[in-house]
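Residues per chain are reported as follows:
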Amino acid sequence: MDRLAYFYGQGGREEFFKSKINKYNSTVLRTNMPPGPFIADNPKVIALLDGKSFPVLFDVSKVEKRDLFTGTYMPSTELTGGYRILSYIDPSEPSHAKLKQLLFSMLKSTSHRVVPEFQTSYSELFDSLEAELTSKGKAKFNDANDQAAFNFLARAWYGKNPADTDLGKDGPKIVTIWVLFQLGPLLALGLPKLLEELTLHSFRLPPFLIKRDYKRMYNFIYESATPILEEAASMGISRDEACHNLLFATCFNTFGGMKIMFPGLIQQVGGAGVKLHARLAEEIRSAVRSTGGGKVTMKAMEEMELVKSVVYEALRLEPPVPSQYGRAKRDLIVESYEAAYEVKEGEMLFGYQPLATKDPKIFDRAEEFVAERFMGEEGKKLLKHVLWSNGPETESPTLGNKQCAGKDFVVLVARLLLVELFLRYDSFDIDVSKSSLGVTVTVTSLKKATN
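Now for a description of the structure that goes with this document. The model shown is predicted, which means the values in this text are computed figures rather than measured ones.

Another aspect to go through is the packing of helix α10 (residues 239-272) against helix α11 (residues 274-290). Put simply, α10 and α11 touch, their axes get as near as 5 Å, and they point 110° apart. Here α10 is positioned roughly perpendicular relative to α11, judged by the angle of their axes. Residue-level inspection shows Val269, Gly270 and Ala272 of α10 in contact with α11, the latter providing Val274, Leu276, His277 and Leu280. Residue classes in the contact of α10 with α11 are distributed as five nonpolar, two polar and no charged.

Now for the packing of aromatic side chains. Under the criterion given, the structure shown has 31 aromatic pairs. Geometrically, the ring pair formed by Tyr122 and Phe262 is edge-to-face, given 5.8 Å between the ring centres and 65° between the ring planes. With a gap of 140 residues between them, Tyr122 in helix α4 (residues 114-136) and Phe262 in helix α10 connect regions that are remote in the sequence. With respect to class, Tyr122 is no different from Phe262; both count as buried. With 6.2 Å between their ring centres and 90° between their planes, Trp178 and Phe252 make a pair best called edge-to-face. Of this pair, Trp178 sits in helix α6 (residues 171-183) while Phe252 sits in helix α10, placing them 74 residues apart in sequence. Each member of the pair, Trp178 as well as Phe252, carries the same accessibility label: buried. Taken together, the aromatic side chains of Tyr6, Phe7, Tyr8, Phe16, Phe17, Tyr325, Phe350 and Tyr352 make up a single cluster linked through ring pairs. Across the ring face of Phe363, the terminal group of Arg316 is positioned such that the distance to the ring centre comes to 4.8 Å. Sitting over the ring of Tyr337, Lys361 keeps its end group 5.2 Å from the ring centre.

The three strands are arranged β4-β10-β9 in an open sheet whose pairing can be described as antiparallel. One side of each edge strand has no neighbouring strand; the edge strands of this open sheet are β4 (139-140) and β9 (425-435). Relative to strand β10 (residues 438-448), β4 runs antiparallel, the two sharing two bridges. Within β10, the residue paired with Lys140 across the bridge is Thr442. Contacts from α10 reach β9 and β10 within the one sheet, and its direction differs from that of β9 by about 120°. Running over the sheet, helix α16 (residues 407-424) touches β9 and β10 and is turned about 130° from β9.

What follows deals with a nonpolar patch on the surface. Side chains of Leu189, Leu191 and Leu195 sit close together on the surface and give an oily, nonpolar patch of about 230 Å² of accessible area. On the secondary structure map, Leu195 appears in helix α7 (residues 193-198).

Conventions used here
- Residues numbered from 1 in each chain as written.
- Predicted model: local features only at pLDDT ≥ 70, side-chain atom pairs only at ≥ 80, totals over all residues.
- Heavy atoms only, no water.
- Axes fitted to C-alpha atoms, helices over the stretch in contact; angles between N-to-C directions.
- Helix = DSSP H or I, 4+ residues; strand = E, 2+ residues; numbered from the N terminus.
- Parallel < 35°, antiparallel > 145°, perpendicular 65-115°, else oblique.
- Contact = heavy atoms within 4.5 Å.
- Nonpolar A, V, L, I, M, F, W, Y, C, P; charged D, E, K, R; others polar.
- Phe/Tyr/Trp six-rings, centres within 6.5 Å; stacked < 30°, edge-to-face > 60°.
- Buried < 20%, exposed > 50% of the residue type's maximum accessible area, 1.4 Å probe, protein only.
- Lys NZ or Arg CZ within 6 Å of the ring centre and 35° of its normal.
- Pairing = 2+ DSSP bridges.
- Patch = residues over 30% accessible without salt bridge, like charges linked within 9 Å, V, L, I, M, F, W, Y side chains within 5 Å.
- Areas by Shrake-Rupley, 256 points an atom, 1.4 Å probe, with all protein chains shown as cover.
- Salt bridge = Lys/Arg side-chain N within 4 Å of Asp/Glu carboxyl O.

Shown next as structure tokens:
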């Protein structure tokens, strides 16, 4: 019954865990996590459901991260070229540092392309939204965002426009299906419950069904990433392993993050209304004029305190990856606000991040979107409780931790979305509905900038 309540209960997964807290009168508790048999051998976890206990999951001296990226099961390596990808590798393993360094190097060497290629790709998005609004009276943000995000990453990181290659416009569709093959056991897609339970939640989808399309994606990156692959070879990583890791970092980690995060950000800002829109537009346009000389520069963006706060607040409320796992390396004590709990070596710890980042003992009006929450000295002190990157926002990814290698990149592109949006428009209106991966946003109006 736990599994049915988790997937199909009223109020979603957050209410599922809140009901557990109320039932056991504790924010640290034992439970079972999907998918269970026949996909995962052992569904038992110790759930950490508050802001005090949750951070133990980031302490790699206490927890192991080997093969735990998706939780109590690991997708077949046939979906990733036969390799265990960086996300599944513990920092104690020799390959972790090399593969993470490769991502750091790619991010650094391509940083000069990020702003211009984002502007190109998201100008195309806004053009398409305007055209769809004109012809249909409303426009689907998610579909346009998928194409823009994929094009942006390909152009910024690999210097290639996918439309000019054999991949064409198929990238987002291929990635979405490939991710489904990995995360299907954890998703509710809106199919009849019995069908989902007997298929996605009970058996793995066979990798051969996606092999041909995955090869197309692999070939696109292999042919476009020559400088990065050469650097990988000089580091002792085979070009083949490096390419599969680049594909995963690009398509699963980053594209997947933008696919979920950008509609969530638009939802929060759209729902906040025209007063916030006016404040954001004023701050963005003023900084671009006065500091950027009319252009979007890193220096100008550093002056946009409200933009920064809005992005952090959206990431606090709706972290793109809500679940984190770790296996206890030794017997240890985990503390909540009320008690201390013994955890035995080898036991699985699980954290549901939205309950940690909406902890009312840490945040006032914890369930609300407060645009200026992280502004000023007091606001900045709260950033250590923003955890979306698999670590506190006040810390940085290193070769020895599991914090997202692209942490700063993700925050930057989220800010860029707001910058490009409010340079072009004064305000906008949306309709929002829930989806299996966050929210679906429909744009109902775009009001062009008047100054």
